[in-house]
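Read off the chains here:
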Amino acid sequence: MNDTEMLESGNMKIDWVLNHMPVLNIIREQFAKEKPLAGHKVAMALHVEAKTAALVETLAIGGAEVAITGCNPLSTQDDVSMALHNKDNIQCFAKYDCCNEEYYEAIDKVLDFKPDITIDDGADLIFKLHTERTDLLPEILGGCEETTTGIHRLKAMERDGALKMPVIAVNDAMTKFLFDNRYGTGQSSWDGIMRTTNLLVAGKNVVIGGYGWCGKGAAMRAKGLGANVIVTEIDPIRALEARMDGNSVMPMKEAAKIGDIFLTTTGNRDILKKEDFEVINDGAILANAGHFNVEINLEDLKAMAGSVRTVRNNIKEYKIGEKRVYVLADGRLVNLAAGDGHPAEVMDMSFANQALCVRYIAENKLSDGVHAVPHELDIGVAEMKLMSMGISIDKLSDEQEAYMAGWETGT
Ligand SMILES: NC(=O)c1ccc[n+]([C@@H]2O[C@H](COP(=O)([O-])OP(=O)(O)OC[C@H]3O[C@@H](n4cnc5c(N)ncnc54)[C@H](O)[C@@H]3O)[C@@H](O)[C@H]2O)c1
Ligand SMILES: N[C@@H](CCSC[C@H]1O[C@@H](n2cnc3c(=O)[nH]cnc32)[C@H](O)[C@@H]1O)C(=O)O
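Here goes a summary of the coordinates provided. (Residues numbered from 1 in each chain as written. Chains lettered and ligands numbered in written order. Predicted model: local features only at pLDDT ≥ 70, side-chain atom pairs only at ≥ 80, totals over all residues. Heavy atoms only, no water.)

Considering the sheet that holds strand 6 (residues 166-169)
Working step 1: The strand order across the open sheet formed by 7 strands is 3-2-1-4-5-6-15, and the pairing between neighbours is parallel. Edge positions in the sheet fall to strand 3 (90-92) and strand 15 (369-372), since each has one partner strand and no second. Here the strands of the sheet are splayed against their neighbours by 20° on average, with no regard to which way each runs.
Working step 2: Bridge analysis of strand 1 (residues 41-45) against strand 4 (residues 117-120) gives 4 bridges, and the strand direction is parallel. Paired with Ala43 across the two strands is Thr118, which belongs to strand 4.
Working step 3: Each of strand 1 and strand 2 (65-69) touches helix 5 (residues 100-112); the most contacted strand, strand 2, lies at about 170° to it. (Pairing = 2+ DSSP bridges. Helix = DSSP H or I, 4+ residues; strand = E, 2+ residues; numbered from the N terminus. Axes fitted to C-alpha atoms, helices over the stretch in contact; angles between N-to-C directions. Contact = heavy atoms within 4.5 Å.)

Listed below in structure tokens is the structure:
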């Protein structure tokens, strides 16, 4: 595509998702009227695709200047990146399939614009601010973190006294993780796997590593596709939950012997490693929907493989003897590197939280450390979502309020 076609394609994708993000549209109208972000500069590292573009536009409509880059070398959609870069008060430095050096150069460019608010997905911006760019910290009012592992890392920084700015844990909003991590990943990871492989899921042994919110969603949707689902875990409670939800549960070294499709969703590393590859079946498909490309140990796989070759877009074949093992999207997030990410209706709530938390940071002085999303903001997102779906619910009567608050009434 030439530049004109790229611009057109990017803007078409943004228009499409905006038609399916009613809560963000309500916020856009509020932001257009009130301009709550006037005078603020927001630096972002998120997956640059259409739903993220809708969030970026919302912040700019609110009066902010915005600079954005990607948060994963393989999740940027270049047409959307170009469309964003051509909008007023927005700069976009994201590029698909960028090398590590280009990735971190773009992070630096976003920080060169001297932000006072940041939005991260995996905390790459915040880590750079606390390592090579500490000179920028005095101007920072606060930041937002989109995902579970990003928050784990920020809480570790806070524990070690290393976090020198306020950060709002957007992932931990109920209207984020209960829907994005569970239903979003549940649908988008299988979207990525199916469009990449064009293979059947029904009747296959699907092994899900991790039964957290992402794993629950991925297992639920695998079952819906007719798979026989096996879960691996390290947490006895989550393992019990997986079993009671009707899944088989076993250690990975057992599951590796029977799995056809493997999907890791842990945020940890080495979920699939050498001893698993030794017993894995010929033709096994490996994909990751957790975090960085360390959940599948590609170093082990490369060391064991006699040959590695691309056999289809986003599919690499590792040949171990006569056995072929297929890795999707180089072990990066399969729903974003080999798909379009979560459905728009789900990112509507995640990014409504982001936009409202950026406003909250602009309007409130927060102490350094990790902060929860204000409860009333979280509930407000849920109420707007229900309204947009034409769903109304009951309210407690005075008597019920009193009963729930009291202790005197016995059996
Ligand atoms: N692909 C996406 O779009 C997407 C969306 C949301 C979150 N995430 C990422 O996915 C990861 C999981 O997110 P979550 O919200 O489900 O987190 P979570 O903490 O709810 O779940 C993670 C689960 O993995 C389990 N686990 C950890 N190490 C394990 C191991 N070695 N073997 C088996 N299980 C193990 C934990 O016990 C836990 O139950 C995080 O890295 C998060 O950032 C990805
Ligand atoms: N940057 C890291 C961590 C990303 S975790 C995945 C996060 O991406 C978010 N996400 C999932 N789908 C989309 C999407 O379509 N657009 C933007 N973000 C998304 C989701 O909220 C989740 O918390 C990495 O790439 O490995």
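Let us keep going from here.
Some thoughts on the packing of aromatic side chains
Working step 1: One pass over the full model with this rule turns up 3 aromatic pairs.
Working step 2: Judged by centre distance (4.9 Å) and plane angle (85°), the ring pair of Tyr103 and Tyr104 falls under edge-to-face.
Working step 3: Pairing Phe177 with Trp213 gives two aromatic rings, centres 5.4 Å apart and planes at 50°, and the pair type is tilted. Of this pair, Phe177 sits in helix 8 (residues 174-197) while Trp213 sits in helix 9 (residues 213-224), and the two are 36 residues apart along the sequence.
Working step 4: With a relative accessible area of 28%, Trp213 lands in the partly exposed category.
Working step 5: Over the face of the ring belonging to Phe113 we find Lys41, whose NZ or CZ atom lies 5.1 Å from the ring centre.
Working step 6: Just above the ring of Trp213 sits the side chain of Lys216; from NZ or CZ to the centre is 4.5 Å. (Phe/Tyr/Trp six-rings, centres within 6.5 Å; stacked < 30°, edge-to-face > 60°. Buried < 20%, exposed > 50% of the residue type's maximum accessible area, 1.4 Å probe, protein only. Lys NZ or Arg CZ within 6 Å of the ring centre and 35° of its normal.)

Concerning the site of ligand 1
Working step 1: Around ligand 1, a shell composed of 27 residues is seen, among which Thr147, Thr149, Glu233, Arg238 and Asn335 lie nearest.
Working step 2: Take Thr147: an N or O atom from its side chain is 2.8 Å from an oxygen atom of ligand 1.
Working step 3: In this structure, an oxygen atom belonging to ligand 1 sits 2.9 Å away from a main-chain N or O atom of Cys214.
Working step 4: Contact with the protein chains covers 88% of the free accessible surface of ligand 1, which is 860 Å².
Working step 5: Put simply, the parts of the chain that give the shell around ligand 1 at least two residues each are helix 7 (148-159), helix 8 and helix 9.
Working step 6: Examining the composition of the shell around ligand 1, we find that 3 residues originate from one element, helix 8, more than from any other. (Near = heavy atom within 4 Å. Polar contact = N/O pair within 3.5 Å; in protein donor to acceptor, adjacent residues only side chain to side chain. Areas by Shrake-Rupley, 256 points an atom, 1.4 Å probe, with all protein chains shown as cover.)

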